[in-house]
Structure formats: structure tokens, C-alpha cells
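# Per-entry structural report
Single-letter residue listing:
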Amino acid sequence: MAIAAFSAISILLITSIIFPNPFSDLAQQFFSPILKNSPPEQQPPQDQSCISRTQKASYQKKSPSPVPSPYLLSKLRDYKRRHKNCEPFSEPFNTTLKLLTGNSTTNSTESDCRYVVFTLHVNGLGNRMLGISSAFLYALLTDRVLLVDFGPDMADIFCEPLQNSTWLLPDGFPFRNQFYSPQFREAHSFGTLLRDNNNFTQSVLPLPPPILHLFLSYEYGDYDKLFYRDENQEFLQGIPGLTLRSDQYFVPYLFLMPRFRAELERLFPDKETVFHHLGNYLFNPSNQAWGLITRFYDAYLARADERIGLQVRVFNTKASPIPLVAKQLLKCTQSEGILPQLQVSTKVTNNTSSTKTKAVLIGSLYREFYEEMKYEYWTRASVDGGGESVGVHQASHEESQNSESNSHNMKALADIYLLSLCDVLVTSRWSTFGYVAQAIGRVKPWILNVPNTNYSGDRLPERACRRAVSMEPCFHYPPSYDMKKKVVVDGEVGTGPPVVHCEDVSWGLKLVNGRQIERLG
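What you are looking at is a predicted structure, and each value in this text was computed from that prediction instead of being measured.

### Description of the sheet that holds strand 7 (residues 388-394)
If you trace the six strands from one edge of the open sheet to the other, you get 7-6-5-8-9-10, paired in mixed fashion. Looking at strand neighbours, the two that pair on one side only are strand 7 and strand 10 (465-467), the edges of this open sheet. Direction aside, neighbouring strands of the sheet carry axes that sit 20° apart on average. Here three bridges tie strand 9 (residues 446-448) to strand 10, and the two strands are oriented antiparallel to one another.

Right under this line is the structure:
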């Protein structure tokens, strides 16, 4: 008790040094996991507009919780002040709006407030969260303010990152009704500007326009990729309004850019917690979403000795039939000791009382994985005679991805957070949904080697799954990869820590702490 009280007091002293108000929203977001066991009088007050901001710490069982670097906290304090000053409808915002519409005599480079506007409407929630976190880090590195263009499909899914402020792009923002048209990309993208000036650098480019579009989604072209050239960043600094479209976690490539490398090293000494810290800051579930999460967790997962999340993403059910994938999932969990081995016969023999309970959470669009796993562990005894009891649960099964539906995205966020609260995770290769869950939950997952009959027929791959070395997401399509030729064109990019190729996407890039990795076959 005395040690716990001393630890709580120590943490309060540390936070009082780092934060003028240790119970500020920033302190709550990062230090509530550390303070969760402190006495009631030392607990931060609960924000009723966003209960998850302080309450989620009590659901995160893993310890110790990683503490962000003092430099990151300092940068986030600076960002909060900048955002408050430049938020929508403020005087500096309205002044910049005049620049973007051409109704100002002020030079665009003299704007007090510069923005990154994230635009993405068609992809799944995992892709959007990866894109938003990347855009936010870019805003942090370049002293900009992040605004997000959310449609009805994303309404009330997340809390506002900052209390009493908004990151939502207001109606009337220039070109907002054109963001998703090919004409907007052609007329306003950085890639078009470079192409039309027949130049790969800024040396002969015209004066910076007031607004420019960065197209960084997976299908971007060669000129779009020149965003990642250091010399072009200087040109972008002079543009007050950048719109950015990306379904990628392009953070690893920022670490390869000399312009940002030293700053990123100071911000993130632990390279494997980058998304965890960014996600903790940006993606607090709304009260409605948090209710879905906590009600399910309390009813089905809370009392288990161990929680196991199985996230199964099948991109093509013809090439990867669900029954075959279900066999691979069972093979993975049993061969790696995640779940107990089962007797061959369905006849129960040598059954004893269970000494340990395991709650299995299935995260998938399809119900069949839940039914198969539940049936196996209900009808067959474990080889140890029943030392472990296994309960299987699934919160939702939408059958198909419907990212334009608000209720679909709300359930998707609930699934992501429920998976993040598990002690052990099995995720699917290529799945951004799984990436987000593992990074938020600080879990190094087992990556399921989803079988593909186009390559292996009906045979299961010999290695069912492999342990990831980092909980960081993978950047699927770095500029070093040529989509048309399907080859890496920039040589040995990112082959050593902290940026290495991914286990599940051979040309992709991810962050690690000084390790090499073994790729999935």
C-alpha cells in the first residue's frame, strides 16, 4: 500500500512538472493508465463529454504503460495552443480562408495558421485511422493544424481530441464539395504541379499556391510520390492549405527523410509505440461507441483469466474459402499454445475441473469463424483433460464491409477496441484493422498466414502463423514500390532498423527497435 501510494505521489509530481495542470486533458490521455491504481482523491476528474478519455485506463490491464517522451508532450502542448488559436471560425482561420479563396491581398506565405485537411471517405475504418494518424504526425512536424473531413458515416464515432475545440472541417471550406472528384486532383495536386513543370524539385516551380492537394493513397502516381523528397518539403512549407488523402500509414517513410529524422528520434525514442501514442491522443471512442465496448467487455471478457483476440480478414472468399481459413486459424492457435489442443474424438474422456478460463473474441465480418471455434471447443475435450475452459464470443458479424454506414463504422471501432483489450492477438496479414488493434493495445500479434488456393490448392501453408516483432503498423505502398510493375524500384530502402520491411508485406515498411525480421512465406 505504501509503495503504491509513493508511486502515485511520484507520478503526480512528475506530471505537475510536465503539465501546469496535471489533470489537463493531455495529462489524462497519457498518464491515466499510470494513475489508475492511485487513491480516489488523486484520480483525474471524468470528462462527461468523453468518458473513454479517462475511463479506458481501467480496462487496459497491460503494464507498465509506455510513457511518451517529454519532448512529445511538449510538442503536443504546443499543438494544442496552435489548434486553439487556429480552430474553425477563429479570426486567424477566417483570415486564412480568405487566402484560400483568393479574396486576400496578403501573401500566402505570411499566413499565421497553416492546415492539413484529411480527406478520405471510401476506405475501411482501419485505413482511415492509419491515414489520420500519419496526417497528424505530418502536421506536428510542420507546425500545422489538422482538420478532418468527416461525413455522416463517421459522425459521433470519436471524441474530439481536444476538449472545447473541434477538428471537424466546417461547411463552406474552399473546394470541400470537390475533394473527391478526379478534376480536383488533376487541378490542385502537388503531383500535377510537378508534372506540368516537368521538374522533380522545387527549383523552377512557380510561387506556392494557397491550396494544394497531396494524393498519398495506395494508387498514387510517380509525381505524387515526390512528396517524400526532402527538397520538395521546403516548397510545401509556404502553402497555407494542404488537403491530404491517404489510406496508408506512411509514418515509417517520414523516419527516412533527413528533414524529419532527428525530430522524430527525439519525439519517439521507442519506435514501436509511435501509433500507440498518436492513437491514444486522437482516437478516444465517443460515449456511444464506448458503451458498446464496455457492455460487451464486462459481460463476456472481464472475468476470464486470459483474453484472446482472433482477428480474421478474408479479402477473397473464393481464393481463401472460409472453412480452409478456419482450419488454419485453429492450427495456428493450437500449434503456438494460444489455445489448448483438442482430443480427436468428440467423446469426452478424462474430464476434470477447469483451472483457467480463456475468453476468445472473434473479430471478423463472418459468423462462420465464431461458429466453428465455438463448436470445436464445445464438442471436444482438450488433451489435458479440461485444465482450461474456453468460451468463444463475437460482438458483430456484418458479412460485408460497408464503410459508408455509420452503424457499421461504430461496430468496427468497438471491435478494434475490444481486440486491443485482449492479452494475446492473432491478426491477419495485410489487415489494417488488425494493425490498429495491436498498436492501440500494445500487443505483438501472431500474424495468420491466410491460405490462398490460387497458390497452394487446398493445402494449408506449413507455417500457420508467425509472431510479429513490432506492434507498429505496416506502410503497404511506400514510394519505393512500383504498383504497375509490382517491383521495388528504389533499391534497398529501409532494410535496417528502425525502418525494415514488413513480415506480411515483403515490400512494405514498418518501425522496429533495432531488430531484423523474418517474413511470412
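Still to come is the rest of the account.
### Quick look at the state of the cysteines
Considering all chains together, one arrives at four disulfides under this definition. One disulfide in the model links C50 with C159; its S-S distance is 2.1 Å. Disulfide C50-C159: torsion about the S-S bond near 95°, hence right-handed. With C50 in the loop between helix 2 (25-35) and helix 3 (52-55) and C159 in the loop between strand 2 (145-149) and helix 7 (182-188), the pair connects residues that are 109 residues apart, well separated along the chain. For C50, a relative accessible area of 1% translates into the label buried. In this structure C159 comes out as buried when scored by relative accessible area, which is 7%. Paired through a disulfide, C332 and C465 show a sulfur-sulfur distance of 2.1 Å. With the S-S dihedral at roughly 90°, the linkage between C332 and C465 falls on the right-handed side.

### Digging into the nonpolar core
Membership of the largest hydrophobic core comes to 110 residues, with the highest contact counts inside it found for L146 and L236. By residue number, the principal contributor to this core is helix 6 (residues 125-141), which donates 11 residues. Every residue in contact with L236, bar those within four places of it in the chain, is listed here: Y138, R144, F190, L212, L214, F227 and L242.

### Focus on unusual backbone geometry
Among all residues except glycine, the phi angle is most often negative; among peptide bonds, the trans geometry is most common. In this structure, F89 is a non-glycine residue whose phi angle is positive, near 80°. Examined against the element boundaries, F89 turns out to sit in the loop between helix 4 (70-86) and helix 5 (91-100). The phi torsion at R442 lies on the positive side, around 55°, for a residue other than glycine.

### Details of helix 13 (residues 287-301)
In this model, helix 13 (15 residues) spans 20 Å end to end at C-alpha, consistent with the 21 Å of a helix rising 1.5 Å per residue. When helix 13 is considered as a whole, its buried residues turn out to be A289, W290, G291, I293, T294, F296, Y297 and L301. Next to the buried residues of helix 13 lie helix 3, strand 5 (306-311), strand 6 (356-363), strand 7 and helix 16 (406-420).

### Section: the pairing of strand 4 (residues 241-245)
Within strand 4, five of the five residues are buried, leaving the element largely enclosed by the surrounding structure. Residues G241, T243 and R245 line one face of strand 4 and the alternating positions L242 and L244 line the opposite face, and both faces are buried. In this structure, strand 1 (residues 115-119) lies alongside strand 4, joined through four bridges in parallel fashion. Across the sheet, the residue bridging to F118 is L244, located in strand 4. In the sheet, strand 3 (residues 211-215) pairs with strand 4 via five bridges, with the strands oriented parallel.

Conventions adopted
Residues numbered from 1 in each chain as written. Predicted model: local features only at pLDDT ≥ 70, side-chain atom pairs only at ≥ 80, totals over all residues. Heavy atoms only, no water. Pairing = 2+ DSSP bridges. Helix = DSSP H or I, 4+ residues; strand = E, 2+ residues; numbered from the N terminus. Axes fitted to C-alpha atoms, helices over the stretch in contact; angles between N-to-C directions. Disulfide = S-S within 2.5 Å. Buried < 20%, exposed > 50% of the residue type's maximum accessible area, 1.4 Å probe, protein only. Core = buried A, V, L, I, M, F, W, Y, C linked by side-chain atoms within 4.5 Å. Contact = heavy atoms within 4.5 Å. Expected span 1.5 Å × (residues − 1).

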